[in-house]
Amino acid sequence: MNTLLFPVILAGGKGERFWPLSRKDRPKQFLSLDGSSRSLLQATADRLIELGGGWDSLWVITSNQIAEGVRQQLPDLPSQNLLIESEGRDTAAAVAWTSLEIKQRYGEDAVIGFFPADHWIADQEAFAHTLSAATQLAASTAAIVTLGIKPTFPSTGYGYIEQGEKIGSFNELPAYHVNRFTEKPDRETAETFLSTGRFSWNSGMFVFRAGVVLKELHTHAPEIIEPLEQHGPDIYPQLPKKSIDYALMEKTTLAYVLPVDFGWDDLGDWNAIERLLKTEENPNVELATHVGLDTQGAIIYASNPEDVVVTIGLEDVVIVRDRNVTLVVKKERTQEIKQILKILQSDSRFTDLL
C-alpha cells in the first residue's frame, strides 16, 4: 500500500476580495496576512513538504500570469513539478490535469492531495495527523477523501458537508461516507446544520489515488478529462469552467469525509484578518500606523509604514492603504469589492489599479 502523499497546491486564484493589496501582479497567495514573514503560498508549502517526500513530491498548479512569481516565492520547487495553466478554467480542470501528470510519473496508485494556497492552519501537528489519516483511507479504499472542518459558528459563507454512515477510523480519526454537499446556506439553515452535529464546513482539501479520481472524472466529467487525455494541456482554453465540487464531488458515490479540527480559515476577505489577529486589548486590528479617536471594530492596513491613517468616530470599517489606492468599506460589505473591480475594469483610467 502506497502511503506517500503527493501534495498539490492550487495557486491560480486572484484573491480579489483582498484588493487593493491583492492585484494582478501580486495576488493574495503572495501576501503575508497573519503578521509573519511568510506569504500564504510559502506557508502552505512549508507545512506540505514536511508531509510528503520533500520538495520532489510537492506540486503546484498556477496561471501563466503569476507563474514567475511562484518560481520566485518557491525557488526550491522542481521546475517539472510546476504546471502552468494557459487560461484559468477553475478547479476541476486543475485537478484533472495534475492527476494525469502524477499518474503518468508515479502510477495510478499514487496518493494525491489538493490544497488551496491561501488557507491558514493553526495547528501543524494536528494537520499532519489528519493528512496521515486521509492518506491511509485513500490508499486502502476507492475513496475521494475530503477534510471537513468542524464548524465553530453558523457561517453563511462556507459550503457544508453532511456526514453519513461511519466506515471506520484512520489514525484514530473517524471517517464517514458523505451524504451530501450543500452550497452556502442562509443563517437559519446554518444554525440547523450545527444543531444536528452531522455537518462540517467544506475546506476544499481533497485526498485520493490518481486512478480513482480519473475513473470518477470519466464517469461524471468526461467533457473535462477526455479532451485532456486526447490533446494534453493545449486544449485547456476550450475546457468548461467548473469547480471540482460541482463537476465531481456533488455527484460521486465515493466521497468520504474526515471531520477535523486543527484551526482553519480560508482567508476569504478582509474580515479574516480580524479573526486571526483580534485581541481583547485593542478595539481595532491595526497593521498600520493608526491614530484614532472614538474608533472601534476597525481593520486598518497600510503597506507603507510611513503612511499614517487617522480616523475619527468610525465603527466596523475596513481601511486599506496600498500604493496609489485607499479603500474604505463597511465590514459587512467587503464581499462587494468584486463589484468595484468590475467598475474599475470598465474604465481605462483605472487599469493600473487592478
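Since this is a predicted model, take the numbers as computed values, not measurements.

Asks: Just checking my understanding: could you explain the environment of Arg-198 for this structure?
Replies: Among the secondary structure elements, Arg-198 is positioned in the loop between α5 (187-196) and β9 (199-209). Considering only alpha carbons, one finds Arg-198 and Gly-164, 34 residues apart in sequence, at a separation of 7.8 Å. Residue contacts for Arg-198: discarding those within four places in its chain leaves Ile-161, Glu-162, Gln-163 and Phe-193. Polar contacts involving the side chain of Arg-198 include one to the side chain of Glu-162, which spans 3.0 Å.

Asks: Is there a simple way to think about unusual backbone geometry in this case?
Replies: What is expected of a backbone is that most residues other than glycine have negative phi and most peptide bonds are trans. Of note, the amide linkage connecting Trp-19 to Pro-20 takes the cis form, showing an omega dihedral of 10°. One non-glycine residue, Asn-171, adopts positive backbone phi at about 55°. Here Asn-171 shows up in the loop between β7 (160-170) and β8 (173-182). Taking the relative accessible area as the measure of exposure, Asn-171 reaches 24% and is therefore partly exposed. Of note in this structure, Arg-323 is not a glycine but carries a positive phi near 55°.

Asks: It is not clear to me how the pattern of salt bridges should be interpreted in this structure. Could you clarify?
Replies: Between side chains of opposite charge, pairing is possible as soon as their charged atoms come close. Within this structure, the stated rule accounts for 19 salt bridges. Linking Asp-322 and Arg-26 is a salt bridge whose minimum nitrogen-to-oxygen distance equals 2.7 Å. Of this pair, Asp-322 sits in strand β16 (residues 317-322) while Arg-26 sits in the loop between β1 (5-10) and α1 (40-49), placing them 296 residues apart in sequence. Residue classification places Asp-322 among the buried residues on the basis of a relative accessible area of 1%. Between Arg-71 and Glu-68 there is a salt bridge; the shortest N-O distance is 3.2 Å.

Asks: In this structure, what is going on with the nonpolar core? I would like to understand it.
Replies: A general tendency of soluble globular proteins is for nonpolar side chains to be buried together. If you look at the biggest cluster of nonpolar residues, it comprises 45 residues, and the most contacted ones within it are Ile-9, Leu-258 and Phe-262. For Phe-262, the residues in contact, after removing those within four places along its chain, are Ile-121, Ala-122, Asp-123, Ala-126, Phe-127, Thr-130, Leu-147, Ile-149 and Met-205.

Asks: Please clarify how the pairing of β7 should be interpreted in this entry.
Replies: Looking along a regular strand, one sees side chains alternate from face to face of the sheet. Both β7 and β9 contribute to a ladder of three bridges, which runs antiparallel. Bridged to Glu-162 within β9 is Phe-199. For β7 and β8, the ladder comprises eight bridges, and the chain directions are antiparallel. Bridge assignment links Gly-168 to a residue of β8, and that residue is Ala-175. The turn linking β7 back onto β8 is made up of two residues, and Asn-171 within it adopts a positive phi angle of 55°.

Asks: It is not clear to me how helix α7 (residues 222-231) should be interpreted in this structure. Could you clarify?
Replies: Each α-helix turn comprises 3.6 residues. Residues three or four places apart therefore point the same way. Those residues of α7 that sit buried are Ile-224, Ile-225, Pro-227 and Leu-228. Elements in contact with the buried residues of α7: α3 (90-106), α6 (210-220) and α8 (244-249). Directly after α7, the chain includes Gly-232, whose backbone phi takes a positive value near 75°.

Asks: Please explain the packing of aromatic side chains as it appears in this structure.
Replies: Aromatic ring pairs are reported here in terms of the distance separating the ring centres and the angle at which the planes meet. Scanning the model with the defined rule gives 13 aromatic pairs in all. On the basis of an interplanar angle of 10° and a centroid distance of 4.0 Å, the ring pair of Phe-193 and Phe-199 is categorised as stacked. Between Trp-270 and Tyr-301 the ring centres are 5.7 Å apart and the planes differ by 50°, which places this aromatic pair in the tilted class. Of this pair, Trp-270 sits in the loop between β11 (264-265) and α9 (271-277) while Tyr-301 sits in strand β14 (residues 299-302), and the two are 31 residues apart along the sequence. Judged on exposure class, the residue Trp-270 and its partner Tyr-301 are both buried.

Asks: Is there a simple way to explain the sheet that holds β16 in this structure?
Replies: Two orientations exist for strands paired in a sheet by backbone hydrogen bonds: parallel and antiparallel. Read from one edge of the open sheet, four strands run β12-β14-β16-β17, paired in mixed fashion. The open sheet has two free edges, formed respectively by β12 (285-287) and β17 (325-330), since each of these has just one partner strand. In this sheet, adjacent strand axes meet at a mean angle of 5° when their direction is disregarded. Across four bridges, the pairing between β14 and β16 is parallel. Across the sheet, residue Tyr-301 finds its bridge partner in β16, namely Val-320.

Asks: Any chance you could explain empty space enclosed by the protein here in plain terms?
Replies: One simple way to see leftover space: roll a probe sized like a water molecule over the atoms. Applying the stated criterion across every chain, the model contains one cavity of 30 Å³ or more. Approximately 40 Å³ is the volume attributed to the largest cavity. Taken together, Thr-44, Arg-47, Leu-48, Phe-115, Pro-116, His-119, Ile-121, Phe-127 and Met-205 make up the full set of residues lining the largest cavity. For the lining of the largest cavity, the secondary structure elements donating two or more residues are α1 and β4 (111-116). With three residues, the single largest contributor to the lining of the largest cavity is α1.

About the cut-offs
Residues numbered from 1 in each chain as written. Predicted model: local features only at pLDDT ≥ 70, side-chain atom pairs only at ≥ 80, totals over all residues. Heavy atoms only, no water. Helix = DSSP H or I, 4+ residues; strand = E, 2+ residues; numbered from the N terminus. Contact = heavy atoms within 4.5 Å. Polar contact = N/O pair within 3.5 Å; in protein donor to acceptor, adjacent residues only side chain to side chain. Buried < 20%, exposed > 50% of the residue type's maximum accessible area, 1.4 Å probe, protein only. Salt bridge = Lys/Arg side-chain N within 4 Å of Asp/Glu carboxyl O. Core = buried A, V, L, I, M, F, W, Y, C linked by side-chain atoms within 4.5 Å. Pairing = 2+ DSSP bridges. Phe/Tyr/Trp six-rings, centres within 6.5 Å; stacked < 30°, edge-to-face > 60°. Axes fitted to C-alpha atoms, helices over the stretch in contact; angles between N-to-C directions. 1 Å grid on protein atoms, 1.4 Å probe; cavity = no way out; pocket = protein on both sides within 12 Å on 5 of 7 lines; lining within 4 Å. Points joined across faces, edges and corners; volume = space filled by probe spheres on them.

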